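Chains, contacts and geometry: an overview
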Amino acid sequence: MPEPSSVRMGIEARHDLERLMKVLPTARIVLLDANMERRQATRLALSALGVGSVREVASIDEVTDPSAQGTADVLVVQVDDPEDAPTNPFRFGAGIPAVLVAEVPAQQLVRVAGRTGYDAALGTPVAPRLLYRRIGSVLQRARRLGRPASAVIATPADLVTAS
């Protein structure tokens, strides 16, 4: 007897999660957030979920340092006001995928993320597991396509998840 489609979808979702689990323990994440307490809480949450390495930075100047290139797999930027979100510094160069996290309506977040070169965006408050999964998905997309994630034109559905 063939499996019902809901069972197949559940199996596929489990395989996707297993692939994420294999990718993220070795991932090197740069977490940019001017708010020290939020930055530390996010780092601790991602570490508890099994992310390999999370480096905290408070300013975009610390990220654009040439010595930082080649030492990160994903950039996560958390901001209070999305209009203050820095442009993804790896948008054209190293092509490191970037995720923007901000508390604004989904439509505004999509516009800001697209304009500033982010591969994905999440509205706050964001559950750590959702951020973990989004990081994994942008990493998978970049690796699957065999090219920098910033070269992939993301659709609005790819960019944002409103909480």
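Residues numbered from 1 in each chain as written. Predicted model: local features only at pLDDT ≥ 70, side-chain atom pairs only at ≥ 80, totals over all residues. Heavy atoms only, no water.

Considering all chains together, one arrives at six salt bridges under this definition. One salt bridge in this structure joins Asp73 and Arg28, with 2.9 Å as the shortest N-O distance. Separated by 45 residues along the polypeptide, Asp73 in the loop between helix H3 (60-63) and strand S3 (74-78) and Arg28 in strand S1 (residues 28-32) bring together distant segments of the chain. On the basis of relative accessibility, which here comes to 14%, the residue Asp73 falls in the buried class. Given the relative accessible area of 33%, Arg28 is considered partly exposed. (Salt bridge = Lys/Arg side-chain N within 4 Å of Asp/Glu carboxyl O. Helix = DSSP H or I, 4+ residues; strand = E, 2+ residues; numbered from the N terminus. Buried < 20%, exposed > 50% of the residue type's maximum accessible area, 1.4 Å probe, protein only.)

The terminal C-alpha atoms of helix H2 (residues 36-48) lie 18 Å apart, and with 13 residues this matches the ideal 18 Å at 1.5 Å per residue to within 8%. All of the buried residues along H2 are Arg39, Thr42 and Leu46. Take H2 and look down its axis: the buried residues cluster within an arc of 65°, on one side only. Residues of H2 that are exposed and point more than 90 degrees away from the buried face comprise Glu37, Leu44 and Ala48. The residue sitting at the N-terminus of H2 and contributing the capping side-chain oxygen is Asn35; that oxygen lies 3.1 Å from the backbone nitrogen of Glu37. After H2 finishes, the residue Gly50 shows a positive phi value of roughly 105°. (Expected span 1.5 Å × (residues − 1). Arc of directions from axis to C-beta. Polar contact = N/O pair within 3.5 Å; in protein donor to acceptor, adjacent residues only side chain to side chain.)

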